[in-house]
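Observations on the three-dimensional arrangement
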Amino acid sequence: MKYIIAFFLIISLGCIVGGYLMELPYSEQLIGSGIVGLFFIVFPLFSWYRWKDRNVKDYLLTKENLDKMRQHKEDN
């Protein structure tokens, strides 16, 4: 999965840089497609890949987690 993310990242960055550096009639479309690729393909895939095996409840501010943080603070 990380190779797929890296592939799309390189393609998106290549479109953005190519749009800025080349004097083509469709340079703005290259830049735009690179941005769209980053925000609608690369970022969601990266977020899903990094969070797929984690429990979201461990990161929410619930009463139990607040009590754990207070206890940890008192121990230190």
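See the structure above.
For the structure given in this document, a descriptive report is provided here. As the structure is a computational prediction, the values presented were derived from the model and not from experiment. (Residues numbered from 1 in each chain as written. Predicted model: local features only at pLDDT ≥ 70, side-chain atom pairs only at ≥ 80, totals over all residues. Heavy atoms only, no water.)

A closer look at the overall build of the protein
- Assigned secondary structure in the protein consists of three helices and zero strands.
- Put simply, the protein runs from its N terminus to its C terminus through helices and strands in the order α-α-α.
- The C-alpha atoms of the protein give 20 Å as radius of gyration, which overshoots the globular expectation for 76 residues (11 Å, by more than 25%).
- With the principal axes as the frame, the protein shows a C-alpha extent of 65 × 20 × 20 Å.
- Here the protein holds 76 residues, and 17% of them are scored as buried.
- Partitioning the intrachain contacts of the protein with sequence separation of at least 6 by distance along the chain shows that 45% fall at a separation of at least 24. (Helix = DSSP H or I, 4+ residues; strand = E, 2+ residues; numbered from the N terminus. Rg over C-alpha atoms; globule rule 2.2 N^0.38 Å. Buried < 20%, exposed > 50% of the residue type's maximum accessible area, 1.4 Å probe, protein only. Contact = heavy atoms within 4.5 Å.)

Considerations on the packing of aromatic side chains
- For the coordinates displayed, the defined rule picks out two aromatic pairs.
- Ring geometry for Phe-39 versus Phe-43: centroids 5.1 Å apart, planes at 80°, classification edge-to-face. With a gap of four residues between them, Phe-39 and Phe-43 both fall in helix α2 (residues 27-51), about one helical turn apart.
- The cationic tip of Arg-54 hangs over the ring face of Trp-51; the distance from NZ or CZ to the ring centre is 5.6 Å. (Phe/Tyr/Trp six-rings, centres within 6.5 Å; stacked < 30°, edge-to-face > 60°. Lys NZ or Arg CZ within 6 Å of the ring centre and 35° of its normal.)

No statement about biological role is implied by the geometric values presented.
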